[in-house]
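Observations on the model geometry
Residues per chain are reported as follows:
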Amino acid sequence: MTSFFQTWLQHVDSKSRPQIRVGASAIFWSIWLTRNDVIFDNKIFYSYLQVIFRTTYWTRFWSTLQKEADQPNLKRACRVMEIVAMEIFAKNGWLLSNRLRA
C-alpha cells in the first residue's frame, strides 16, 4: 500500500498517512470481498451502500489495531462516510427505509 499511495501521500500530513492507508485498504478489501461474493457465491448486490458499509465495518475493525489516539478519528471518519453516502443515495431516490440485503 505504501508504494501504491507514495506520491499521493506526500501531500498529506504525516500523522494522517497511516489512517488514510487503513481506510484505503478497507475500501480495496471490501471491493475484493464483494467481488468474491458475486463471482463465487452468486450473491446479488442491490446497492453500492453495501460496499460502503462493508468498508466502514472493516475500517472500524482495523482501527482497534491502530494507536489509541488515532482510533476516534477513524471511527468518526466511518460515521461521516456513512452519513454522506446515505444523504447522496436519499437525494437520488433511494428510500432509507429500504433494507440492505446481506
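What this report covers is the structure whose coordinates are included nearby.

Thresholds applied
Residues numbered from 1 in each chain as written. Predicted model: local features only at pLDDT ≥ 70, side-chain atom pairs only at ≥ 80, totals over all residues. Heavy atoms only, no water. Phe/Tyr/Trp six-rings, centres within 6.5 Å; stacked < 30°, edge-to-face > 60°. Helix = DSSP H or I, 4+ residues; strand = E, 2+ residues; numbered from the N terminus. Buried < 20%, exposed > 50% of the residue type's maximum accessible area, 1.4 Å probe, protein only. Lys NZ or Arg CZ within 6 Å of the ring centre and 35° of its normal. Contact = heavy atoms within 4.5 Å. Axes fitted to C-alpha atoms, helices over the stretch in contact; angles between N-to-C directions. Parallel < 35°, antiparallel > 145°, perpendicular 65-115°, else oblique. Nonpolar A, V, L, I, M, F, W, Y, C, P; charged D, E, K, R; others polar. Expected span 1.5 Å × (residues − 1). Arc of directions from axis to C-beta.

According to the stated counting rule, one finds 5 aromatic pairs in the structure shown. Ring centres of Trp29 and Trp58 lie 6.4 Å apart, and the angle between their planes is 85°; on these two criteria the pair is classed as edge-to-face. Highlighted residues: Trp29 in helix H2 (residues 17-41) and Trp58 in helix H3 (residues 49-63), separated in sequence by 29 residues. A relative accessible area of 19% means that Trp58 is categorised as buried. An angle of 75° between the planes, with centres 5.1 Å apart, marks the rings of Tyr57 and Trp58 as edge-to-face. Joined through ring pairs, the aromatic side chains of Trp29, Tyr57, Trp58, Phe61 and Trp62 make up one cluster. The side chain of Arg35 reaches across the aromatic face of Trp32, ending 4.7 Å from its centre.

In this fold, Lys75 is placed in helix H4 (residues 71-91). Using a relative accessible area of 33% as the deciding quantity, one classes Lys75 as partly exposed. Separated by 12 residues in sequence, Lys75 and Ser63 place their C-alpha atoms 7.4 Å apart. Setting aside anything within four residues of it in sequence, one finds Lys75 in contact with Arg60 and Ser63.

Okay, the packing of H3 against H4 next. Interhelical geometry of H3 versus H4 gives an angle of 170° and a closest axis separation of 9 Å. On the basis of their axis angle, the class for H3 and H4 is roughly antiparallel. Contacts between H3 and H4 involve Leu49, Ile52, Phe53, Thr55, Thr56, Thr59, Arg60 and Ser63 on the former and, on the latter, Gln71, Leu74, Lys75, Cys78, Arg79, Met81, Glu82, Ala85, Met86 and Phe89. Each residue belonging to the contact of H3 with H4 can be placed in one class, and the counts come to 9 nonpolar, 5 polar and 4 charged.

Another aspect to go through is H4. Across its 21 residues, H4 extends 31 Å between first and last C-alpha, which sits within 8% of the 30 Å expected from 1.5 Å per residue. Within the span of H4, buried status applies to Gln71, Leu74, Cys78, Glu82, Ala85 and Phe89. End-on view of H4: buried residues confined to an arc of 80°, all on one side of the axis. Structurally, H4 contributes buried residues whose contacts are with H2 and H3.

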